Amino acid sequence: MKGTAPSSLELVKLCCRALDEKKAIDLRVLDVSEQSSITDYLVLATGNSEPHLRALRIELEKALDASHTRIVGMEIVQESGWIVIDAFDVMIHIFLPETRTRYGLENLWKDATEVSVQKLIAPPKAKATKTRKAPAKKKATTPRPRKKKTS
């Protein structure tokens, strides 16, 4: 499996896209590599209900599994309004709105650098390639009348 797992930033992109596809609210990414010795990025997202949190978690698990990323740990306490998924270099926190407000992780990590989620989830730009001109169409010609063979 070595060499197949994505880089930290690619993993953040993967997580953000998965969360965005499942309609996560207020998606934010904090680069905490200068402040933390245990992770490089925090991904914060909000779901609007317990079932929505569960759907976000399941989508993340599928995306991480597909990218051969090992989940180091997961904290799921029923009805707590907070799910934590530890993918080593990236920690994902999914909250209900009131739980996110109560704990205010953005304030705890206010020295971190915020990463633009819009740039992360934007589809990759196609590389510029030379465009080929389509071959010129042949002009329509009137068929020549055939000569009749005489025997």
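Our structure is the block above this text.
Residues numbered from 1 in each chain as written. Predicted model: local features only at pLDDT ≥ 70, side-chain atom pairs only at ≥ 80, totals over all residues. Heavy atoms only, no water.

(A) Molecular detail of the overall build of the protein chain. From N to C terminus, the protein chain includes five helices and six strands. Starting at the N terminus and ending at the C terminus, the protein chain contains elements arranged as α-β-β-α-β-β-β-α-α-β-α. The burial tally for the protein chain puts 35% of its 151 residues in the buried class. Sequence separation of at least 24 residues holds for 61% of the intrachain contacts in the protein chain that already meet a minimum separation of 6. Taken as a whole, the protein chain presents about 11,200 Å² of accessible surface, with 52% of it coming from carbon and sulfur. (Helix = DSSP H or I, 4+ residues; strand = E, 2+ residues; numbered from the N terminus. Buried < 20%, exposed > 50% of the residue type's maximum accessible area, 1.4 Å probe, protein only. Contact = heavy atoms within 4.5 Å. Areas by Shrake-Rupley, 256 points an atom, 1.4 Å probe, with all protein chains shown as cover.)

(B) Geometry of helix α1 (residues 8-21). Here α1 is 14 residues long and its end C-alpha atoms lie 20 Å apart, about the 20 Å a rise of 1.5 Å per residue gives. Among all positions in α1, only Ser8, Leu11, Val12, Cys15, Cys16, Ala18 and Leu19 are buried. Within α1, the buried residues cover an arc of 165° as seen down the axis, which keeps them to one side. Contacts from the buried residues of α1 go to β1 (25-31), β2 (41-46), α2 (50-66), β5 (90-95) and α5 (117-121). Directly beyond the C-terminal end of α1, a positive phi value near 65° is found at Lys23. (Expected span 1.5 Å × (residues − 1). Arc of directions from axis to C-beta.)

(C) How the structure looks around the sheet that holds strand β3 (residues 73-76). Strand order across the open sheet formed by six strands is β3-β4-β5-β2-β1-β6, with mixed pairing between neighbours. Strand pairing shows two members of the sheet lacking a second neighbour, β3 and β6 (113-115), which therefore form its edges. Ignoring strand direction, the axes of neighbouring strands in this sheet form an average angle of 20°. When β3 meets strand β4 (residues 82-86), the two strands line up antiparallel, connected through four bridges. Along β4, the bridge assignment pairs Gly73 with Asp86. Its contacts with the sheet put α1 on β1, β2 and β5, and the angle it makes with β2 is roughly 5°. (Pairing = 2+ DSSP bridges. Axes fitted to C-alpha atoms, helices over the stretch in contact; angles between N-to-C directions.)

(D) Spotlight on the pairing of β4. Remark: five residues form the turn of the hairpin made by β3 and β4, two consecutive strands paired antiparallel; Glu79 in that turn has positive phi of roughly 65°. Where β4 meets β5, five bridges bridge the pair, whose relative direction is antiparallel. What sits directly across from Trp82, in β5, is Phe95. Between the end of β4 and the start of β5, which pair antiparallel, lie three residues, with Phe88 showing a positive phi angle near 70°.

(E) Structural detail: the pattern of salt bridges. With the rule as written, the count across this model stands at six salt bridges. We note a salt bridge from Arg57 to Glu61, for which the minimum N-O separation is 2.4 Å. Of the two residues, Arg57 and Glu61 both sit in helix α2, four residues apart, roughly one turn of that helix. Through salt bridges with shared partners, one network takes in Asp26, Arg28, Arg100, Glu106 and Glu114. (Salt bridge = Lys/Arg side-chain N within 4 Å of Asp/Glu carboxyl O.)

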